[in-house]
Amino acid sequence: MTPINWLRIMKRLRKKFYERNTIKVARDLLGKFLIRIIARPHRQAKLGGQSKKKIIALITETEAYHGPKDLASHASRGRTKRTEVMFGLAGRAYVYLIYGMYYCFNIVTGKENFPAAVLIRGVEIINNLKPKTYNQLISGPGKVCRELKIDRSLNKENLLKSKKLFVVEDKKLLKKYYPQGFKIKIGKRVGVDYAGEYRNKPWRFILSCRGG
DNA sequence: AGATTGATCCAT
DNA sequence: TGGATCAATCTG
């Protein structure tokens, strides 16, 4: 089998994409591909394997956290050491530890000084280029990070430049898995019952098969 | 339904 | 400085 350099074909999402309204970005991230490149230990690479492992993950579930008034958002408490990244430039990673055990991965969106980000809640890991059934469905933000080996070392990573973590669009590859396109389910965000009127905002987006 | 686990944030 | 809280997950 001829190896294919998928990364050459894929188009990395640029600043313009992330800079838009958080809710639109959250919706539009569905069907894009999250790319995670992990350096293997030198010794392992020397034994004949590739020096880097590439994980390609179709984004299937997102949530928007939008602005200083969104009580579900960490940034609603204002600018702190932790949340300052959410106030910064779009296209950065915001990774934080939750419940002392799990990481959550967000992508900063919107204009500078407007705190906003999209939480990646679910992906479909593309293990190979064979039928869909070979792929691995990951549901839950903690599991996404575990599977893609995302931890706080990637906090503030610039997805516009990074060689470790970024998002691409590839319509051909998407069509392979969703030949008839897909629908988007919209719902309330998970685990934000404390957020007053913001708890009911329909800012959760789930990719689903047509008719499914 | 309960346990887990530690960074974060705000009130002492 | 203390302690309540938490954008979650697993087990039973």
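Okay, so let's go over this structure. (Residues numbered from 1 in each chain as written. Chains lettered and ligands numbered in written order. Predicted model: local features only at pLDDT ≥ 70, side-chain atom pairs only at ≥ 80, totals over all residues. Heavy atoms only, no water.)

1. Points about the packing of aromatic side chains
Then step 1. Per the counting criterion, the structure on display carries 4 aromatic pairs.
Then step 2. Measuring from centroid to centroid gives 5.2 Å for Tyr94 and Tyr96, while their planes differ by 35°, and the two rings are tilted.
Then step 3. For Tyr94, a relative accessible area of 2% corresponds to the buried category.
Then step 4. Its end group placed over the ring of Phe17, Arg20 keeps NZ or CZ at 4.6 Å from the ring centre.
Then step 5. Positioned above the aromatic ring of Tyr96, the side-chain terminus of Arg82 is 6.0 Å from the ring centre. (Phe/Tyr/Trp six-rings, centres within 6.5 Å; stacked < 30°, edge-to-face > 60°. Buried < 20%, exposed > 50% of the residue type's maximum accessible area, 1.4 Å probe, protein only. Lys NZ or Arg CZ within 6 Å of the ring centre and 35° of its normal.)

2. Digging into the protein's contact with DNA strand B
Then step 1. Around DNA strand B, the neighbouring residues are Arg77, Thr80, Arg82, Leu97, Tyr99, Gly100, Met101 and Arg152.
Then step 2. Each atom of DNA strand B within 4 Å of the protein was assigned to sugar, phosphate or base; sugar and phosphate come to 73%.
Then step 3. One nitrogen or oxygen atom from the side chain of Thr80 is found 2.5 Å from a phosphate oxygen belonging to DNA strand B.
Then step 4. Between DNA strand B and Arg152 there is a distance of 2.9 Å, counted from a phosphate oxygen to a side-chain nitrogen or oxygen.
Then step 5. Split by residue class, the surface near DNA strand B holds 3 nonpolar, 2 polar and 3 charged. (Near = heavy atom within 4 Å. Polar contact = N/O pair within 3.5 Å; in protein donor to acceptor, adjacent residues only side chain to side chain. Nonpolar A, V, L, I, M, F, W, Y, C, P; charged D, E, K, R; others polar.)

3. Some details on the pairing of strand E5 (residues 102-108)
Then step 1. Taken across its 7 residues, E5 has 5 buried, putting it largely inside the fold.
Then step 2. Two strands pair when backbone bridges link them, and strand E4 (residues 93-98) and E5 are joined in this way by 6 bridges, in the antiparallel orientation. Its bridge partner being in E5, Ile98 is matched across the sheet by Tyr102.
Then step 3. Between the antiparallel neighbours E4 and E5 lie 3 residues, among them Tyr99 with a positive phi of about 55°.
Then step 4. With 3 bridges joining them, E5 and strand E6 (residues 116-126) adopt antiparallel strand pairing. Its bridge partner lying in E6, Ile107 is registered against Val118. (Helix = DSSP H or I, 4+ residues; strand = E, 2+ residues; numbered from the N terminus. Pairing = 2+ DSSP bridges.)

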